[in-house]
Amino acid sequence: MKKFLKTFTLPVSIATGTIIYLLFYYLPFLDKAGDVLNPIVTDLLPWAMSLILFVTFLKLNYHEVGVRKWHLAIIVAQLLMSVACVGAILAFGLEGEMKILIEGMLICIICPSAIAASVVSNKLGGNLTEMTTYTLLSNVVAVFSMPLLFPLIEKQADLTFVSAALVILDKTVKILLLPLFLAAFVKHYMPKVYQAIAGIKDLGFYLWAIMLAAVTGVTVRNIFHTDIPHIFLLWIALSAALVTAVQFFVGKNLGEHFGNRIDGGQGLGQKNTTLAIWCAFTYLNPVSSIAPGCYILWQNIFNSWQLWKHERKAQAHPSPPEGRDV
């Protein structure tokens, strides 16, 4: 059982989150408890992510932070795909369901890299420092690109550079920068605490797996409570799956060209879907926010497959522990 849970941590997390939500959905005596717990869980998720990143960032080498060629290549690819989505809407005068589908794809592309991408990349053997640097860069790119592109397709999208910056900075500072600086402080000024926490193997990853169960439950809840036709919901889910596949494929191949396949794939493929859902609901057609909700499930299913493949390879060819302490 221990070996099974270690190999299939993410699928177990996704299944657990889904089953727990379904219990609350179908059992009447849990219904009211679910209404109370849902906002509490939603409010706690950002702070849980901060804790996970704090544990992960203890492995960072802060002296090696810098922009790499693969960072720029991934950013250019992301911008080109975003512009292609906007161009398709404008060139073909898309309206109705087709426009919603493309907007859903756009928000899954243009939103920044997931803050948890560093956790998965490190587990897969990627470069933690380079991945963290890219996460910061992708948030900066989102600050500039969203205000430029959203008003072109949604005239009521009152999104300025300042408003976009405030939204993204609020989430970035609280979830990403705070644990980054705290980890640096603990590592340099509290060595005993650092050694105690850093000595627990894969602690950040397993904390993230627990959080993934909660995120999955919230995602399934949102999908169940939507009132759009099921056939259109299916099309949105399939379009999100297509974008997931394309972004991981492009990211991995560009990353490989510059010597970092793992981080390239995670940087472009693993997205901050929480921010994407909020931005889609606020500035685009609200129905398009379902796409990043589905993207959560697709990207973590793919991450599960990657981790399973990585574990099998590690068992067949024993090597130093995964995740370079860079």
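Student: Outline the overall build of the protein chain, supporting the account with residue identities and numerical values.
Tutor: Each helix and strand counted, the protein chain has 14 helices and zero strands in total. In terms of C-alpha radius of gyration, the protein chain reaches 20 Å, essentially the compact-globule figure of 20 Å for 326 residues. If you line up the protein chain on its principal axes, its C-alpha atoms span 60 × 55 × 40 Å. Scored against the burial criterion, the 326 residues of the protein chain give a buried share of 50%. Long-range contacts, defined here as pairs at least 24 residues apart, represent 82% of the contacts in the protein chain between residues at least 6 apart. Split by element, the accessible area of the protein chain, about 15,900 Å² in all, is 72% carbon and sulfur. Taking the 23 positively charged and 18 negatively charged side chains of the protein chain as two groups, their mean positions are separated by 11 Å.

Student: Pulling in residues and values, what's your account of the pattern of salt bridges?
Tutor: On inspection of all chains with the given rule, the structure shows three salt bridges. Between R68 and E130 there is a salt bridge, with its nearest N and O atoms 3.4 Å apart. Taken together, the positions of R68 in the loop between α3 (28-57) and α4 (69-91) and E130 in helix α7 (residues 128-153) put the pair 62 residues apart, joining distant regions of the chain. For E130, a relative accessible area of 14% translates into the label buried. Two residues, E256 and R261, come together in a salt bridge whose shortest N-O distance is 3.2 Å. Judged by its relative accessible area of 47%, E256 falls in the partly exposed class. According to the relative accessible area criterion, R261 is partly exposed, its value standing at 37%.

Student: Give me the lowdown on the side chain of S288, citing residues and values where you can.
Tutor: Note on placement: S288 falls in the loop between α13 (273-283) and α14 (290-316). Separated by 2.5 Å, the side chain of S288 and the backbone oxygen of N285 make a polar contact. Residues contacting S288, with those up to four places away along its chain left out, are I100, E103, G104, I107 and A280.

Student: Could you give an account of a nonpolar patch on the surface, naming the residues involved and the relevant values?
Tutor: Taken together, the side chains of V36, L37, I40, V41 and L44 define a hydrophobic patch exposed on the protein surface, amounting to about 410 Å² of accessible area. Structurally, the position occupied by L44 is in helix α3.

Student: Give a description of the confidence of the model for the protein chain that names residues and reports values.
Tutor: Reading fine detail from the predicted coordinates is not recommended where pLDDT is low. Taken over all residues, the pLDDT of the protein chain has a mean of 84, while the share at 70 or more is 91%. No element of the protein chain has a lower mean pLDDT than helix α1 (residues 2-7), which averages 65, and none a higher one than α4, which averages 97. Of the regions scoring below 50 in pLDDT, residues 322-326 engages in 19 contacts with residues more than four places distant in sequence or in other chains.

Student: Can you explain helix α6 (residues 117-124)? Please cite residues and give values.
Tutor: Structural remark: α-helix, 3.6 residues per turn; residues separated by three or four positions point the same way. Most of α6 sits inside the fold, with eight of its eight residues counted as buried. Of the residues making up α6, those classed as buried are A117, S118, V119, V120, S121, N122, K123 and L124. Following α6 by one or two positions, G125 adopts a phi angle in the positive range, close to 100°.

Rules used in this analysis
Residues numbered from 1 in each chain as written. Predicted model: local features only at pLDDT ≥ 70, side-chain atom pairs only at ≥ 80, totals over all residues. Heavy atoms only, no water. Helix = DSSP H or I, 4+ residues; strand = E, 2+ residues; numbered from the N terminus. Rg over C-alpha atoms; globule rule 2.2 N^0.38 Å. Buried < 20%, exposed > 50% of the residue type's maximum accessible area, 1.4 Å probe, protein only. Contact = heavy atoms within 4.5 Å. Areas by Shrake-Rupley, 256 points an atom, 1.4 Å probe, with all protein chains shown as cover. Lys, Arg positive; Asp, Glu negative; His and termini not counted. Charge placed at Lys NZ, Arg CZ, Asp CG, Glu CD. Salt bridge = Lys/Arg side-chain N within 4 Å of Asp/Glu carboxyl O. Polar contact = N/O pair within 3.5 Å; in protein donor to acceptor, adjacent residues only side chain to side chain. Patch = residues over 30% accessible without salt bridge, like charges linked within 9 Å, V, L, I, M, F, W, Y side chains within 5 Å. pLDDT = per-residue confidence, 0-100.

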